[in-house]
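# Architecture and fold: a report
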Amino acid sequence: MAAPESVRKLVERFRDNLESYQSAHFNEAQLRQEFLNPFFKALGWDVDNEQGHAEAYKDVIHEDAIKIGTESKAPDYCFRIGGRRVFFLEAKKPAVNVGQDVSAAYQLRRYAWSAKLPLSILTDFEEFAVYDCRIKPDKSDKPAVARTMFLSFEEYLDKWDEIAGIFSREAVLKGSFDKYAEGTKLKRGTAEVDAAFLREIESWRESLARNFALRNNDLSQRDLNFAVQRTIDRIVFLRMCEDRGIEPYGQLGGIANGEQLYRRLCQLFDRADERYNSGLFHFQPEKDRAEPPDELTQSLALDDKPLKEILRALYYPDSPYEFSVLPAEILGQVYEQFLGKVIRLTAGHQAKIEDKPEVKKAGGVYYTPAYIVDYIVKNTVGKLVEKKAPKDVAKLRVLDPACGSGSFLVGAYQFLLDWHRDWYLQDGPAKHKKEIYQGRGGQWFLTTAEKKRILLSNIYGVDIDSQAVEVTKLSLLLKVLENENHENLENQLRLLHERALPDLGHNIKCGNSLIGPDFYNGQQMSLLDDEEQYRINVFDWKAEFPAIFKGKDGGFDAVIGNPPYGAAVTAEEIAYLRNTYETPANSLDTFLLFAERSHDLLRPQGVLGLIIPSGWTSSPSARPLRELFLENYRPLTFVSLPFDVFSGAYIDTVIVTAQRRASGAEQKNDVVDLYVFPQRFKIFTQEDFEPFHKTGNYRSWLESKDLEFLVTCSSQEAIVLNKVRNARYTLDHFVLVKRGIETFKPQTDRRAFSEPALAFSGILRRYVLKHGERAFVSYDEGIRKHKPWAFFSDERILIRQVLSRRYRLQATFISDSFLTNQSVQSLLRRENVEPKYSLQFLLGLLNSRLLSWYFRNVNSVARRDDFPKIIIKQTRELPICGPDISRSSGKRQHDGMVGLVSKMLQVKEQLYSARSPDEKMRCQRQIGAIDAQIDQLVYELYGLTDDEIRLVEAGTEK
């Protein structure tokens, strides 16, 4: 593709006047206006927002650089798709040698690395440099480090295909930008900003904890954790304010010069209290404050050395972090991991850092991806604000009852900030001078007062972890200060006598969302020590939020979040939870409890939005919760997610959003927006999520007669499922089913009470079992009593518990004698049952496409990406539809199936013993033909029409 005429003219004009442009008189602003803006317009970017997109969705954000000292604190351009950052562009005037300028390259890389962007551009139009910004920048790096492309303006015309194929708007939308970024990724030196910053603040915690413990012998473990966490939070807050131009740049670094650093740092904290009014800096009793002041930290002793090392490493050029562009969600991810550890004091009063017990039990901390948060917020808070004005939205109350580090609340707050700004702009900026103003780059912003009002009116959260509560507050307060500057806040303080930040003590609270003060009814509190009472941390919702629960229709308008998974700890807690909650049945998994609690906290017509394990759609323990849901909610959206949404944790989850019905409202199955992601063995990312959730099919919200949610099915598919489900028999009518033995320790030689065993269950496939190497396994009288030898020796069907990679049931017929482990189920034919179907007949049904399709659609465990399986209960419940073998036509169908299956078993054995390609090909063709005949016979037995057969075959693989 030839370069556009506009680009050819730019190149010619630049060449003709090169000497003039390289002079000191031609500045950066002129370069941007005359060359860079038209260049990127030619790449399809709406540089001047000619399409009139709302502020949140502008293609290009122009940052008027904030000058702090000699440094520019904002990238010149930010290119976005749908409001999401894609890459930065840093412009330099042509007098700067882009190819050799160390500081320019380092500056750009700091911006993009801190913003977690894969690529960004440095250019003066004369030269065009692209950097891989996943590589942690270092002040000693040469300009060529991490550079993946370098072009002269003379190459733009010849290289236009390459440039446009990566950086045009169309290329970004089609994924070419991402492919280039992945293909050029330089593995060496790669260090994501969140991982690097986590290591940074973990080192701060360790050094501060050790020194606080050393210098303050009377400090308790709880107080030590508080002091360290609060000191780190305050430093991070003030340092981010410096890079945003709100606090004087370098003030923290200035403290590092001299002595008595901690005393001088505390003085800085005192001044921050006067400016900000947040609980982060709250040292004196004040009227109407929800929380008591911090009377601990400023009385402590701390040596200069650890503090000096922390403060000196916070600044350019030593620091790689550019706090002005560090995303709020990145900070949340860092803190989520950070809060997974706790400081413990040894008997000698030394500080040790350990995993929290609940984190160790869970195997780590898992952060909800930002795109999941955004989706849930859009489909809950977004629904509530439709067709409303700000005065109506001011009455909405949004809650996360397990807020953690605040990702959902920050997401909801950002959504409301954007919505208010856009509403005021559409209504006319002149009418709303108290709510919005026009700032740098021509962008419109909400005033500080309006941001504070929205936060206090709309956002609420509770968490049992006091440190998490403080991080949530910190994240929200930093969001209030986005786009603010020192002058604005000073004017607010001087003219309005109003401090910059709100006190969030009435909105974000610490407590146990699941356990109320009635926990102590009938108990002797003296039996629970202080630590136990502190850990349980009972919480009275109505007492803590009296205005919200006032009246019969009280409650929150939206409850959102990712509730924790796990179980109760003590016998007292278990007894309380069983008596208090109705829906978890035999399970006390906290996500089920939180789902019920969320219902209690939601007002009629309020909206629920949760991401929870998919087991709640079908597991018996969650049936009461499904009943509650069907009786009380109108489903809005349902998203069935792959198992790898959470980095490092493999669990199948679903997103559900639903509206609580008003009292007396008719119960009905509404149409919902249902998205089911294709199962795959790959890391799941935001790029996977976006195209799918925009193109889902509208399907009915379905429940089966057993109150399972058939959430992967269309209404047409449900007709077929019910036709199969309504078969006269279940498999349990014909066979006895048992799993193999639990203790499975193969021995090399045969000993007493040992029997031959199948060494590896993975060699069981449809219609075949490759015996492989045999072992001998202990089979004592205790095992023999519960699992008779007949299950390991008689003619039987074996079913492998794990489904195939194509989500097919895997069964075969066997008569050899050997033990199997618990990953294999043995099916023995019952005696004296009618009709007398042979095992080969039943095997044909089990291996058919229809029963695999049926099983996968009605059981969430069969749709798992990691080890989809079938359990014994589900095996027994498989619906069996067979012919009337007392009639000749039925006998022919039965015997025809037996003949096909017998032939299949024979050909499968031949295939696995075949050595030549020709023989293997012949066997495979025979197998395909027999499979098709078996499937057709099964369709006839279950009475499927041609259209229904096509629907089943479209949803399964051979």
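Residues numbered from 1 in each chain as written. Predicted model: local features only at pLDDT ≥ 70, side-chain atom pairs only at ≥ 80, totals over all residues. Heavy atoms only, no water.

### Quick look at the overall build of the chain
A tally of regular secondary structure across the chain gives 35 helices and 31 strands. Buried residues in the chain amount to 56% of all 958 residues. Intrachain contacts of the chain at a sequence separation of at least 6 include 73% that bridge at least 24 residues. Of the roughly 41700 Å² of accessible surface on the chain, 48% is carried by carbon and sulfur atoms. (Helix = DSSP H or I, 4+ residues; strand = E, 2+ residues; numbered from the N terminus. Buried < 20%, exposed > 50% of the residue type's maximum accessible area, 1.4 Å probe, protein only. Contact = heavy atoms within 4.5 Å. Areas by Shrake-Rupley, 256 points an atom, 1.4 Å probe, with all protein chains shown as cover.)

### Some points on the side chain of Ser-838
Along the chain, the position of Ser-838 falls in the loop between β30 (824–829) and α30 (839–846). Apart from the residues within four sequence positions on either side, Ser-838 is in contact with Arg-829, His-894 and Val-898.

### Some words on the packing of aromatic side chains
Throughout the structure, instances matching the rule amount to 57 aromatic pairs. On the basis of an interplanar angle of 70 degrees and a centroid distance of 5.9 Å, the ring pair of Phe-167 and Phe-177 is categorised as edge-to-face. On the criterion of sequence distance, the pair formed by Phe-167 in helix α5 (residues 160–167) and Phe-177 in helix α7 (residues 176–183) is long-range, its members being ten residues apart. The exposure classification of Phe-167 matches that of Phe-177, with both residues buried. (Phe/Tyr/Trp six-rings, centres within 6.5 Å; stacked < 30°, edge-to-face > 60°.)

### Observations regarding the packing of helix α8 (residues 193–215) against helix α9 (residues 221–243)
In contact at an axis separation of 10 Å, α8 and α9 are set at 135 degrees when each is read in the N-to-C sense. Between α8 and α9, the angle is such that the two are oblique. In this structure, α8 meets α9 at a crossing whose hand is right-handed. Together, Phe-197, Ile-201, Trp-204, Arg-205, Leu-208, Ala-209, Phe-212 and Ala-213 of α8 and Leu-224, Ala-227, Val-228, Thr-231, Ile-232, Ile-235 and Val-236 of α9 make up the contact between the two elements. Its residues assigned to classes, the contact of α8 with α9 shows 13 nonpolar, one polar and one charged. (Axes fitted to C-alpha atoms, helices over the stretch in contact; angles between N-to-C directions. Parallel < 35°, antiparallel > 145°, perpendicular 65-115°, else oblique. Left-handed = near helix turned anticlockwise from the far one by under 90°. Nonpolar A, V, L, I, M, F, W, Y, C, P; charged D, E, K, R; others polar.)

### Focus on the sheet that holds strand β6 (residues 119–123)
One open sheet holds the six strands; their spatial order is β1-β4-β5-β6-β7-β8, and the pairing between them is mixed. The sheet is open, and its two edges are formed by β1 (60–62) and β8 (147–152), each paired on a single side. Recorded for the sheet is a direction-independent mean angle of 20 degrees between the axes of neighbouring strands. Here strand β5 (residues 84–91) runs beside β6; their pairing, made up of three bridges, is parallel. Across the sheet, the residue bridging to Glu-90 is Leu-122, located in β6. Set on the sheet, α7 makes contact with β5, β6 and β8; between it and β6 the angle comes to about 90 degrees. (Pairing = 2+ DSSP bridges.)

### Observations regarding the pairing of strand β7 (residues 127–132)
Along β7, six of the six residues are buried, which leaves the element largely enclosed by surrounding structure. Of the two faces of β7, the one carrying Glu-127, Ala-129 and Tyr-131 and the one carrying Phe-128, Val-130 and Asp-132 are both buried. Pairing geometry for β6 and β7, over five bridges, is antiparallel. Looking across to β7, one finds that Ile-121 is bridged to Val-130. Linking β6 to β7, which pair antiparallel, is a turn of three residues; within it Phe-125 sits at a positive phi near 70 degrees.

### A word on the pattern of salt bridges
Counted by the stated rule, this structure contains 49 salt bridges. Taking the shortest distance from any N to any O, the salt bridge between Lys-473 and Glu-291 comes out at 2.6 Å. Placement of the pair is Lys-473 in helix α20 (residues 466–480) and Glu-291 in the loop between α11 (261–276) and α12 (304–312), with a sequence separation of 182 residues. Measuring nitrogen to oxygen at the nearest pair gives 3.2 Å for the salt bridge that ties Lys-479 to Glu-482. Taking relative accessible area as the criterion, Lys-479 reaches 7% and is therefore assigned buried. Given the relative accessible area of 21%, Glu-482 is considered partly exposed. One continuous salt-bridge network, built from bridges that share partners, spans Arg-230, Glu-291, Glu-470 and Lys-473. (Salt bridge = Lys/Arg side-chain N within 4 Å of Asp/Glu carboxyl O.)

### Section: the nonpolar core
Membership of the largest hydrophobic core comes to 109 residues, with the highest contact counts inside it found for Phe-237 and Tyr-276. Core analysis: the second largest hydrophobic core is formed by 56 residues, Ile-797, Leu-851, Cys-923 and Ile-927 among them. (Core = buried A, V, L, I, M, F, W, Y, C linked by side-chain atoms within 4.5 Å.)

### Section: the sheet that holds β30
Strand order in this open sheet of four strands is β23-β30-β28-β29, and the pairing throughout is antiparallel. Because the sheet does not close on itself, it has two edges, and the strands there are β23 (735–739) and β29 (811–814). The sheet shows a mean angle of 25 degrees between the axes of neighbouring strands, direction not considered. Sheet topology places strand β28 (residues 796–800) next to β30; four bridges connect them, and they run antiparallel.

### Considering the side chain of Asn-458
Positionally, Asn-458 belongs in helix α19 (residues 448–458). Within the structure, the side chain of Asn-458 is placed 2.8 Å from the backbone oxygen of Leu-396, a separation counted as a polar contact. Leaving out residues up to four positions away in the same chain, Asn-458 has contacts with Val-393, Ala-394, Leu-396, Arg-397, Val-398 and Leu-416. (Polar contact = N/O pair within 3.5 Å; in protein donor to acceptor, adjacent residues only side chain to side chain.)

### Regarding α19
Counting along an α-helix, one turn takes 3.6 residues, and residues three or four places apart therefore face a common direction. For α19, the buried fraction is high: eight of the eleven residues fall into the buried class. Taken together, the buried positions of α19 are Thr-448, Glu-450, Lys-451, Lys-452, Ile-454, Leu-455, Ser-457 and Asn-458.

### Some points on helix α33 (residues 888–913)
If you check α33, its first and last C-alpha atoms are 38 Å apart, about what 26 residues at 1.5 Å a residue would give, namely 38 Å. Elements in contact with the buried residues of α33: β26 (768–769), β29, α30 and α34 (917–942). (Expected span 1.5 Å × (residues − 1).)

### What to know about the environment of Arg-169
Tracing the chain through its elements places Arg-169 in helix α6 (residues 169–174). A sequence separation of 129 residues divides Arg-169 from Phe-40, and the C-alpha atoms of the two residues are 9.1 Å apart. If we ignore the near neighbours within four places in the chain, the residues touching Arg-169 are Leu-43, Gly-44, Trp-45, Asp-59 and Ile-81.

### Comments concerning the packing of α30 against α33
As a packed pair, α30 and α33 sit with axes 8 Å apart at the nearest point and diverge in direction by 75 degrees. With respect to each other, α30 and α33 are oriented roughly perpendicular. Contacts between α30 and α33 involve Gln-840, Phe-841, Leu-843, Gly-844 and Leu-845 from the first element and His-894, Met-897, Val-898, Val-901, Ser-902 and Leu-905 from the second. Split into classes, the residues belonging to the contact of α30 with α33 amount to seven nonpolar, four polar and no charged.

### Points about the environment of Met-240
Of note, Met-240 is situated in helix α9. Along the primary structure Met-240 and Leu-326 are separated by 86 residues, whereas in three dimensions their C-alpha atoms are 8.7 Å apart. Contact partners of Met-240, with chain neighbours within four places excluded, come to Phe-323, Leu-326, Leu-331 and Leu-478.

### Digging into the confidence of the model for the chain
On average, residues of the chain score 86 in pLDDT, and 86% of them reach the 70 mark or higher. When pLDDT is averaged over each element of the chain, strand β11 (residues 398–400) comes out on top at 98 and strand β2 (residues 67–68) at the bottom at 42. Counting interchain partners and residues more than four positions distant, the pLDDT-below-50 stretch residues 64–70 has 14 contacts. Of the regions scoring below 50 in pLDDT, residues 678–684 engages in 24 contacts with residues more than four places distant in sequence or in other chains. (pLDDT = per-residue confidence, 0-100.)

### So, the environment of Gly-511
Turning to its location among the elements, Gly-511 is positioned in the loop between β15 (508–510) and α22 (530–536). Judged by its relative accessible area of 0%, Gly-511 falls in the buried class. If near-sequence neighbours (up to four positions away) are discounted, Gly-511 is found in contact with Val-462, Asp-463, Ile-464, Asn-537 and Phe-539.

### Let's talk about unusual backbone geometry
Here the residue pair Tyr-316 and Pro-317 is connected by a cis peptide bond, since its omega of 5 degrees sits within 30 degrees of zero. Locating Pro-317 in the fold gives a position in the loop between α12 and α13 (328–338). Phi angles above zero are rare outside glycine, and Gln-260 is one such case at about 50 degrees. Turning to its location among the elements, Gln-260 is positioned in the loop between α10 (251–255) and α11.

### Section: the pairing of β29
The alternating pattern of β29 places Ala-811 and Phe-813 and Thr-812 and Ile-814 on opposite faces, both of which are buried. Pairing geometry for β28 and β29, over four bridges, is antiparallel. Each residue of the ladder has a partner; that of Ile-797, found in β29, is Phe-813.

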